[in-house]
Protein chains: 2
Amino acid sequence: MTSLSSLQDTTVRPTITTGPIHGSHKAHLDGPDGIRVPVRRVELSNGEHHDVYDTSGPYTETGAQFDVRAGLPRLRAPWISAREPVGGAVTQLAYARAGIVTPEMRFIAIREGVDVELVRSEVARGRAVIPTNRNHPESEPMIIGKRFLVKINANIGNSAVTSSIEEEVDKMVWATRWGADTVMDLSTGKNIAETREWILRNSPVPVGTVPIYQALEKVNGDPAKLSWEIYRDTVVEQCEQGVDYMTVHAGVLLRYVPLTAKRITGIVSRGGSIMAAWCLAHHRESFLYTHFEELCEILRTYDVTFSLGDGLRPGSIADANDEAQLAELRTLGELTATARAKDVQVMIEGPGHVPMDKIAENVRLEEEWCDEAPFYTLGPLATDIAPGYDHITSAIGAATIAQHGTAMLCYVTPKEHLGLPDRDDVKTGVITYKIAAHAADLAKGHPHAQSRDDALSQARFEFRWADQFALSLDPDTARSFHDETLPAEAAKTAHFCSMCGPKFCSMKITQDVRDYAEAHGLTSVEAIEAGMAEKAREFTGRVYLPVTE
Amino acid sequence: MTSLSSLQDTTVRPTITTGPIHGSHKAHLDGPDGIRVPVRRVELSNGEHHDVYDTSGPYTETGAQFDVRAGLPRLRAPWISAREPVGGAVTQLAYARAGIVTPEMRFIAIREGVDVELVRSEVARGRAVIPTNRNHPESEPMIIGKRFLVKINANIGNSAVTSSIEEEVDKMVWATRWGADTVMDLSTGKNIAETREWILRNSPVPVGTVPIYQALEKVNGDPAKLSWEIYRDTVVEQCEQGVDYMTVHAGVLLRYVPLTAKRITGIVSRGGSIMAAWCLAHHRESFLYTHFEELCEILRTYDVTFSLGDGLRPGSIADANDEAQLAELRTLGELTATARAKDVQVMIEGPGHVPMDKIAENVRLEEEWCDEAPFYTLGPLATDIAPGYDHITSAIGAATIAQHGTAMLCYVTPKEHLGLPDRDDVKTGVITYKIAAHAADLAKGHPHAQSRDDALSQARFEFRWADQFALSLDPDTARSFHDETLPAEAAKTAHFCSMCGPKFCSMKITQDVRDYAEAHGLTSVEAIEAGMAEKAREFTGRVYLPVTE
């Protein structure tokens, strides 16, 4: 594992956002073995509190000071050093298969509110993964699998055209503040290794990469000059640094490339196009495919999880679910079996652009062909016609595909197809994807999902404005939107809002209706039909108290 | 019909946005009887053009001048005056049942790109409605039904707390500019009638209202003081003005009210809470229900369409699909039959807040109980936890429910639950709902939906940036997002973008792959396996041309 000390001569001085999210504070749930699982605790005005899953790491602790040059505490270091390999492997999959419950699994069970045996068995079955490179001990364990809360990933990373290391570290902290469960560093410009080092040492969530990007930089951008050796060395370098999962486009086979020629948008995956170019240039099967077993050996050594990339994913509605896409998916299924045989964890990446009627089919085939490896999809975008709003076009697809079983959703920001996301775009993308993930959790009947909706709706109905804000995904925005119309502090306790005004509040009327009905035992059809007549007069006049404007 | 001349003493001077949307201009498709159907025509740089459904009215004509005090031209006036009642009725339903094809139906057939007999038969069947008050001749005919393009509605209207007539007229023009198929004027404050008059005389789309709001103003805000006579006079007044469809909460029956007492959010519909309060106060069945046949007679006289309101819609995930909601829906089915027997057009309003797994059930029951009357839903919001982003939470639900058959979607803006939407919020809500509606059109396989996606994706792949912007739902935003990173005009024709930079463009690599494959006939698996070997060398070196940074 590299140390940031080697980088301390640089001028990198990231500024990061710290402190609790408005209306909440960091708390911890204690478990065995010194496990302390962080939660965002919302204290409600009615004396109750509501704990929210918290991805933000130590940055949201009250009054905490951070030296990003020192990196985060190495939370998992003692767990890692204390355990022996099983069958030569140190992966969570190997331990799970051996019946061993790791501290990571215990941490996750508390975090998800489920039995630890569910965690172990789902990992053993390959239906869930715990991306945890031994060399990224700073990360807080999390799980990706259809039986658990739907997760979201935020892409960050600089390009040749724009952005700096400072910006990317800040984006990582910012993305996890709002709920990103993992981040992927997709840097393609200069300083790829250094950017990644800064991100890893400061990231409380697993970090993913696409190693082929860095490998391509090493050959000056010419795909034909890539080789297994260059790629392998890059992967080892990134494993050493602590990358937790890697996108590998090993399913782009030579014979699939011409299947893309008639597409409207050909190959839109960067990794996919690089490997397609290599295959055509050499007329050989991709080195990712032919050396896949060696790759498994490397990843196993560190417990890096495969994210088998969909290099031939559709980039437009017209290309969805076509022969090229599905041929690659079948190959990913073969590779899944190979990796699992070596105790390496696997997830499968998915599209892209898919109309809503073809989304379920994607999940069905992925589960059938890839033996239910966790599906990790980019959106998908449900239409092509809204550049500038592709966080929304894709949230529609993402919620739908997650409802059908996708375990992790890669966010899309408003800048998709148009430019690199800035800080605001990152937040918008994360919040939008938290919505999609949560909508799916509700639809799947996750036992803990609806309690937050209920708490917030209760607060809304009771005009506990501050509680409503604090329980929301983005308290700052909810509050500021409210204040645009009714800025006065008194309005935060007012029993009306700006939509209807004080004279016209349906919730107030409803409360009167409810009070009356309950006071008179009129909570059933029978009761109201039997007993209302004599009480009607009494009710008239108090159902509503007009307020002088 | 009132004339704006009576209002010309006022100081109302709305400022409105006029002129074409960037990259397009107004064109017309000619039909019989002097019918001219407007389209937004996008001229592409490859010499082709793409026509887009256009709701914006004359405001987007090039160089047109408008006097909002004069109102729009009375497009439909000659059609209306030329025809006789059928069976005493002047409704599109009556004509359709009699086998008469109206000019409105011909206009719609061209607008939707379908056979006019489909329009007539769907209206006759009651599965589609054409909201067209005889006293709103300024409107351009449109249809709402599951066999046609999914429509969207934008709510506007002032409240006691904020906003003015000027703002609301501007919002109407603004909302239709971006694609609102209808607008509802939900004003509750002062000047309700005058605001509505300004909107109607200047609206190119059907206008809906909720008459109970104005009736309540007349009794100083006390629901108990409402009466059939006050309500009836309000409805007649609004019919005379030209309102095209009216929300009537006639399904809130006395015995349903206590079913809401145990809900988390009780009754959240304003109209629903008003009628519930009235029912309890008088211990009588609602006058909307008991006088429903008289109401039908009034609406039939003007061809005003019922929008039977869901006064007991769920206001939270917890309350979705509950007994109160479904009891009311059954009653709306009875009322649908009553209205249709009198040749009055009917659509049915739907929820609200519904988790994704309970959405399809809403459509199924509505179609079964209400004989497939067009369903018109508010969202639904797929989660409660994101105030400030409820355009997104609801777009997820809206796309899903429209995929299942909802004919029109009522938009939700980012200010939902928090405040009244401003101009930016209206645009965001409209664009978001155009996305949801279009995603559903694609999923339903509407014959004309995908051509726009294909045209845009083709432009994207070929780096025709200006075409991509012009074909998008919001060209201004797409262009400005692009320009944030690469502002130079040259970048609009560059064969790369800011995400990857010039050295790393997957689309450029793909184009090379495609060119090569097509040049060598390598467009099948067999061909590539058979013939690639000897050509591999030739390809090496031209797959990618590194650009010096």
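Residues numbered from 1 in each chain as written. Chains lettered and ligands numbered in written order. Predicted model: local features only at pLDDT ≥ 70, side-chain atom pairs only at ≥ 80, totals over all residues. Heavy atoms only, no water.

By the naming in an unreviewed UniProt entry, chain A is Phosphomethylpyrimidine synthase, taken from Pseudonocardia asaccharolytica DSM 44247 = NBRC 16224. The heading Sequence similarities (unreviewed entry) in the UniProt record of chain A holds the text "Belongs to the ThiC family." According to its UniProt record, chain A has this under Function (unreviewed entry): "Catalyzes the synthesis of the hydroxymethylpyrimidine phosphate (HMP-P) moiety of thiamine from aminoimidazole ribotide (AIR) in a radical S-adenosyl-L-methionine (SAM)-dependent reaction." (UniProt positions renumbered as here; feature names shortened; annotations may be inferred.)

(A) Main features of the overall build of chain A. Within chain A, the regular secondary structure consists of 21 helices and 13 strands. Considering chain A as a whole, with its 549 residues, one finds that 68% of them fall into the buried category. A fraction of 72% describes how many contacts in chain A between residues 6 or more apart in sequence connect residues 24 or more apart. When the accessible surface of chain A is split by element, carbon and sulfur atoms take 49% of a total near 16800 Å². (Helix = DSSP H or I, 4+ residues; strand = E, 2+ residues; numbered from the N terminus. Buried < 20%, exposed > 50% of the residue type's maximum accessible area, 1.4 Å probe, protein only. Contact = heavy atoms within 4.5 Å. Areas by Shrake-Rupley, 256 points an atom, 1.4 Å probe, with all protein chains shown as cover.)

(B) View of the nonpolar core. Judged by nonpolar contacts, the single largest core of 241 residues is most densely connected at Phe306(A) and Phe306(B). Beyond its immediate sequence surroundings of up to four residues, Phe306(A) is in contact with Met246(A), Val248(A), Phe292(A), Leu295(A), Cys296(A), Leu299(A), Ala339(A), Val344(A), Gln345(A), Val346(A) and Met347(A). The next biggest cluster of nonpolar side chains, apart from the first, holds 15 residues, and it includes Ile108(B), Ala109(B), Val119(B) and Ala128(B). (Core = buried A, V, L, I, M, F, W, Y, C linked by side-chain atoms within 4.5 Å.)

(C) Region of interest: the pairing of strand E11 (residues 346–350) of chain A. Residues and elements named next belong to chain A. Burial analysis of E11 places five of its five residues in the buried class, the great majority of the element. Side chains of E11 alternate between two faces, with Val-346, Ile-348 and Gly-350 and Met-347 and Glu-349 buried alike. The pairing of strand E10 (residues 305–308) with E11 spans three bridges and is parallel. Counted as the bridge partner of Leu-308 is Ile-348 from E11. Between E10 and its parallel partner E11, the chain crosses via helix H12 (residues 323–341), and the hand of that crossover is right-handed. (Pairing = 2+ DSSP bridges. Right-handed = clockwise from strand over helix to strand, strands pointing away.)

(D) Quick peek at the state of the cysteines. Residues and elements named next belong to chain A. Per the stated rule, a full pass over the model turns up zero disulfides over all chains. Sulfur of Cys-370: no disulfide; nearest cysteine sulfur belongs to Cys-296 and is 14 Å away. For Cys-370, a relative accessible area of 1% gives the class buried. (Disulfide = S-S within 2.5 Å.)

(E) Layout of the pattern of salt bridges. Using the criterion set out here, one finds 80 salt bridges over all chains in the structure. Notably, a salt bridge pairs Arg36(B) with Asp30(B), separated by 3.8 Å at the nearest N-O pair. (Salt bridge = Lys/Arg side-chain N within 4 Å of Asp/Glu carboxyl O.)

(F) Quick look at the sheet that holds strand E2 (residues 36–43) of chain A. Residue and element names in this part refer to chain A. Strand order in the open sheet formed by three strands is E1-E2-E3, and the pairing between neighbours is antiparallel. This sheet does not close on itself; its edge strands, each paired only once, are strand E1 (24–30) and strand E3 (49–53). Going across the sheet, the axis of each strand differs from the next one's by a mean of 45°, ignoring polarity. Looking at chain direction, E1 and E2 are connected through seven bridges and run antiparallel. Each residue of the ladder has a partner; that of His-25, found in E2, is Arg-41. (Axes fitted to C-alpha atoms, helices over the stretch in contact; angles between N-to-C directions.)

(G) Spatial organisation of the packing of helix H7 (residues 211–218) of chain B against helix H9 (residues 270–282) of chain B. Residue and element names in this part refer to chain B. Viewed as axis vectors pointing N to C, H7 and H9 meet at an angle of 50°, and their least axial separation amounts to 9 Å. One finds that H7 runs oblique with respect to H9. Of the two elements, H7 crosses H9, and the hand of that crossing is left-handed. Across from Ile-212, Tyr-213 and Leu-216 in H7, the residues of H9 making contact are Arg-270, Gly-271, Ile-274 and Met-275. Taken together, the residues of the contact of H7 with H9 sort by class into five nonpolar, one polar and one charged. (Parallel < 35°, antiparallel > 145°, perpendicular 65-115°, else oblique. Left-handed = near helix turned anticlockwise from the far one by under 90°. Nonpolar A, V, L, I, M, F, W, Y, C, P; charged D, E, K, R; others polar.)

(H) Spotlight on the packing of aromatic side chains. Taken as a whole, this structure holds 20 aromatic pairs over all chains when the rule is applied. The interplanar angle of 85° and the centroid separation of 5.7 Å between the aromatic rings of Trp174(A) and Trp178(A) together place this pair among those described as edge-to-face. Of this pair, Trp174(A) and Trp178(A) both sit in helix H5 (residues 165–178), separated by four residues, roughly a single helical turn. Judged on exposure class, the residue Trp174(A) and its partner Trp178(A) are both buried. Taken together, the ring pairs in this structure connect Trp228(A), Tyr231(A), Trp278(A) and Phe287(A) into an aromatic cluster. Above the face of the Trp178(B) ring, Arg177(B) is positioned so that its terminal group lies 5.7 Å from the ring centre. When the ring centre of Trp178(B) is taken as origin, the NZ or CZ atom of Lys427(B), which lies over that ring, is 4.0 Å away. (Phe/Tyr/Trp six-rings, centres within 6.5 Å; stacked < 30°, edge-to-face > 60°. Lys NZ or Arg CZ within 6 Å of the ring centre and 35° of its normal.)

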